[in-house]
Amino acid sequence: MTAHPTASASVSNASSALADTTDPRLQALHHWLSSVSGAFSLDMTNWAPASADASFRRYFRIGSHDPAHPSLIVMDAPPPQEDCRPFVHIAGLLAEAGLQAPKVLAEDLAQGFLLLTDLGRETYLDVLNEDNARPLMRAALDALIVWQKSSRPEVLPAYDTALLQRELDLFPDWYVGKHLKVALSDTQRATLDRINQLLIESALAQPKVFVHRDYMPRNLMPGLPGTTGPGILDFQDAVYGPLTYDVISLMRDAFLSWDEEHQLDWLAYYWERARKAGLPVDADFGEFYRQAEWMGLQRHLKVLGIFARINYRDGKPRYLADTPRFIDYARKVADRYAPLRPLAKLLDELTGQQVDVGYTF
């Protein structure tokens, strides 16, 4: 999960700090930027960090004397932890589909450096409110449909059984084991294994499309003047997989929650527009909603594991504050569907909590 370029620190003395740093990555980055500076009219005196990132990637905003691009974004993605090639590839796919994504202006894939166009300083997460939520979210859903319509097989990695299972394993390994410090009993482990199998089977049974994998307000931008549709960020982990993954990610976000009235309104909007666009959504809205909820549950369990891993492995504790949101998402979905209710019971045992579920199926 990644936070993307937003307004950040002062640029005063930033260039000298970059040039004089003892950080070997930043020294190499400064040298590379100096080598491409002339081609892009870079202002090496106008430099600032531009994100707080949950991965090993770092982003910086650098000024330019080009009036068409007064600022640009620099990505530092250190090998072997990160690989810039998927980002470059998927940025091209988004551009081919007619969507807004950062354009790669210069690259050094061996070192893990990219120079990108700057889509602005505000994300959906910065600007969403009750007044603008409906048009902004509908714009995001319209863009998602365009992205899915551009899908074709064997272009992106498959969201297959192995990947789905690796993601689900993060929950017992990191959230339960490392964070809760609980060793699952044989019975609890068997329960979780059965639920995981149901979730994987449901995901694999869905029609396949391009999947962003982090399609959420923090990775969408309202767009620059003169553009249509949101800017799309953090797409380097995109795969070819279940149709409902991105739409439910947008509804049930890591950093803010929507009431079910809003969620149902937007899911119905997506379902109707997707059908008209010829996407293979289920003809029955109830079944489509079930598919989305089960897909969301897989993601909720994965994210709980990821946020715990980011804390205990990477020393970034702030994401743990959002784990209760995902426990709430997961327990509500699990308690709505009879085959998943053993998971609700297991979560009760692990957390000692109960929630009001609302309607059930």
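Just so you know, these numbers come straight off a predicted model, no measurement behind them.

**Student:** Can you walk me through the overall build of the chain in this structure?
**Tutor:** When its secondary structure is counted, the chain shows 12 helices and 9 strands. Whereas a compact globule of 361 residues would reach a radius of gyration of roughly 21 Å, the chain reaches 21 Å, a difference of no more than 12%. In terms of its C-alpha atoms, the chain occupies a principal-axis envelope of roughly 65 × 50 × 40 Å. Counting over 361 residues, the chain shows a buried share of 53%. At a minimum sequence separation of 6, the contacts of the chain that also span at least 24 residues come to 71%.

**Student:** Can you help me understand the packing of aromatic side chains in this one?
**Tutor:** In this description, a pair of aromatic rings is defined by centroid distance and the angle of the planes. Here the structure, examined in full by the defined rule, presents 18 aromatic pairs. Their ring planes at 70° and their centres at 5.3 Å tell us that Trp-271 and Phe-285 sit as a pair that is edge-to-face. Placement of the pair is Trp-271 in helix H9 (residues 260–276) and Phe-285 in helix H10 (residues 285–312), with a sequence separation of 14 residues. Residue Trp-271 is classed as buried on the basis of its relative accessible area of 13%. Ring centres of Phe-285 and Tyr-289 lie 6.2 Å apart, and the angle between their planes is 35°; this geometry places the pair in the tilted category. With Phe-285 and Tyr-289 both in helix H10 and 4 residues apart, the pair spans about one turn of that helix. When its relative accessible area of 23% is taken as the criterion, Phe-285 is described as partly exposed. The residue whose ring lies beneath Lys-178 is Trp-174, and the NZ or CZ to ring-centre distance is 5.8 Å. The cationic tip of Arg-290 hangs over the ring face of Trp-294; the distance from NZ or CZ to the ring centre is 4.6 Å.

**Student:** Got a minute to help me understand the environment of Leu-267 in this structure?
**Tutor:** Structurally, the position occupied by Leu-267 is in helix H9. For the pair Leu-267 and Ile-195, spaced 72 residues apart in sequence, the C-alpha separation works out to 24 Å. Leave out the neighbours within four places in its chain, and Leu-267 touches Val-247, Met-251, Phe-285, Phe-288 and Tyr-289.

Criteria and thresholds
- Residues numbered from 1 in each chain as written.
- Predicted model: local features only at pLDDT ≥ 70, side-chain atom pairs only at ≥ 80, totals over all residues.
- Heavy atoms only, no water.
- Helix = DSSP H or I, 4+ residues; strand = E, 2+ residues; numbered from the N terminus.
- Rg over C-alpha atoms; globule rule 2.2 N^0.38 Å.
- Buried < 20%, exposed > 50% of the residue type's maximum accessible area, 1.4 Å probe, protein only.
- Contact = heavy atoms within 4.5 Å.
- Phe/Tyr/Trp six-rings, centres within 6.5 Å; stacked < 30°, edge-to-face > 60°.
- Lys NZ or Arg CZ within 6 Å of the ring centre and 35° of its normal.

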